[in-house]
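Structural characterization, general
Chain by chain, the residues run as shown.
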Amino acid sequence: MKLLNLFLVGALMLTMVACKGSGKDAIVGTWGVEDVDMSDMLAGLSDEEKGMYEAFLPMMEEAMKSMEMTFNADGTMETSASMMGQENKDSGKWSLSEDGKTLTTETNGNKEDIKVESLDGSKMVLAMENDGSVMKLMMKKK
């Protein structure tokens, strides 16, 4: 359940956000998830829990890889993702810290800070933490 909760929180975090600071020009545009690294999430689980959650990983990775995020220059954003055959679309606001290392998203009254491990004009790596576990999204600008 912890892994599923982390996935849901991650999906919500990526559907938010208001924009200022360095890196704004680099992040503006539409991004797709190229790869997902959930190895850290599994590291803290017992062997029994790992076995149970590993069965869900392909479905979770597929859902995350279907995600597309559009960051607009005015600080608004739209996201779309597909999970279990259902399309989910959302909108919100985003901002980037002055040092470009924290992406803050806000949607449906939920505000989250996401660590930006790297960001250039065409690639971005986001690290989302929940309950001490980290999921990394490797994204590419479309």
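This text goes with the structure placed above it.
Let me begin by describing the structure that accompanies this report. (Residues numbered from 1 in each chain as written. Predicted model: local features only at pLDDT ≥ 70, side-chain atom pairs only at ≥ 80, totals over all residues. Heavy atoms only, no water.)

1. Regarding the overall build of the chain
The secondary structure content of the chain amounts to five helices and eight strands. Ordered by position from N to C terminus, the α and β elements of the chain give α-α-β-α-α-α-β-β-β-β-β-β-β. Considering the chain as a whole, with its 142 residues, one finds that 41% of them fall into the buried category. (Helix = DSSP H or I, 4+ residues; strand = E, 2+ residues; numbered from the N terminus. Buried < 20%, exposed > 50% of the residue type's maximum accessible area, 1.4 Å probe, protein only.)

2. Description of the environment of Gly 75
Position of Gly 75 among the secondary structure elements: in the loop between β2 (68-71) and β3 (76-83). Given the relative accessible area of 3%, Gly 75 is considered buried. Linking Gly 75 and Thr 105, residues 30 residues apart in sequence, is a C-alpha distance of 9.8 Å.

3. Section: the pairing of strand β5 (residues 102-107)
In the sheet, strand β4 (residues 86-96) pairs with β5 via four bridges, with the strands oriented antiparallel. Within β5, the position partnered with Lys 93 by the bridge is Glu 106. Linking β4 back to β5 in an antiparallel pair, the connection comprises five residues, with Gly 100 at a positive phi of about 75°. Relative to strand β6 (residues 110-119), β5 is paired through six bridges, and the arrangement is antiparallel. Looking at the pairing, Thr 102 lines up with Lys 115 of β6. Counted along the chain from β5 to the antiparallel partner β6, the turn is two residues long, and its residue Asn 108 has a positive phi close to 50°. (Pairing = 2+ DSSP bridges.)

Without other data, these values stay purely geometric and don't point to any function.
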